[in-house]
Amino acid sequence: MTEKLRGWPSFPEELPEFDPGSTPGTPRELFLEWLYEAGEHVLAPHAVTLSTVDADGVPDARVVILKAVDGDTWAVATSSESPKGVQLAKNPHAALTFFWPGRGRQVRLRGPVSPADPEVSAADFTARPPASRMEAFIGRQSQVLEDPADLDDAAEEARRWVEENPGVAPETWTRYLVTPSEVEFWQASHDRRHRRLRYRRENELWVKERLWP
């Protein structure tokens, strides 16, 4: 088994160039450059691993979708009653990890999290496709499903509600804004001399630092 794991290729033969010495002054600019470039080559470039901690300090992670990058904030959205919403209420800090193996690139950021204004969260919800809105109205995320028929009943009830109330958002639906204190860009290299650049916030300014592989 170990031999097979080591035999799988990690990255394509051709990798993009990355010169940390000629990067913009803010991580937002570089992130959007990498994101749009990834979108030309890989599926779901906006998929991101959201990491939080529970009440006992145990880490938790799941893949969600990036909703926006506005100013200095990266936005994701979920119900405040979901496990991740509950965890963020108790410890409003998170890490986001983007990984684009088809480009040999990774972006990691972490920092405090705050909820967006209610009207922003409501607009986020009503902009979702009908099936996504229906899923959110089903609720009970991550709870034990004793009988699959219960899911069918809840889905049908949620479908009717969404059709009858197309402009209504659940009060629990929340867009969460991550304001990173650190953002790291990682570019793979076949010689293992990976290039890493960290932006670190210091006194409202961004400091750029090269890191060892």
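Structure shown above.
Residues numbered from 1 in each chain as written. Predicted model: local features only at pLDDT ≥ 70, side-chain atom pairs only at ≥ 80, totals over all residues. Heavy atoms only, no water.

J.: Looking at this model, I keep getting lost on the packing of aromatic side chains. Mind explaining?
T.: Here the distance between the centres and the angle between the planes together describe a pair of aromatic rings. All told, the structure shown has eleven aromatic pairs when counted by the stated rule. Both rings, one in F11 and one in W186, keep their centres 6.0 Å apart while their planes meet at 50°; by these two values the pair is tilted. In this pair, F11 sits in the loop between α1 (2-7) and α2 (27-39) while W186 sits in strand β8 (residues 182-187), placing the two residues 175 residues apart along the sequence. Centroid distance W34 to F185: 5.3 Å. Interplanar angle 85°. Geometry classified as edge-to-face. Separated by 151 residues along the polypeptide, W34 in helix α2 and F185 in strand β8 bring together distant segments of the chain. Classification of W34 by relative accessible area gives buried; the value is 1%. An aromatic cluster of at least three residues, connected via ring pairs, comprises F18, W34, F185, Y199 and W206. Stacked on the ring of W34, the Lys or Arg R105 has its end atom at 4.0 Å from the ring centre. (Phe/Tyr/Trp six-rings, centres within 6.5 Å; stacked < 30°, edge-to-face > 60°. Helix = DSSP H or I, 4+ residues; strand = E, 2+ residues; numbered from the N terminus. Buried < 20%, exposed > 50% of the residue type's maximum accessible area, 1.4 Å probe, protein only. Lys NZ or Arg CZ within 6 Å of the ring centre and 35° of its normal.)

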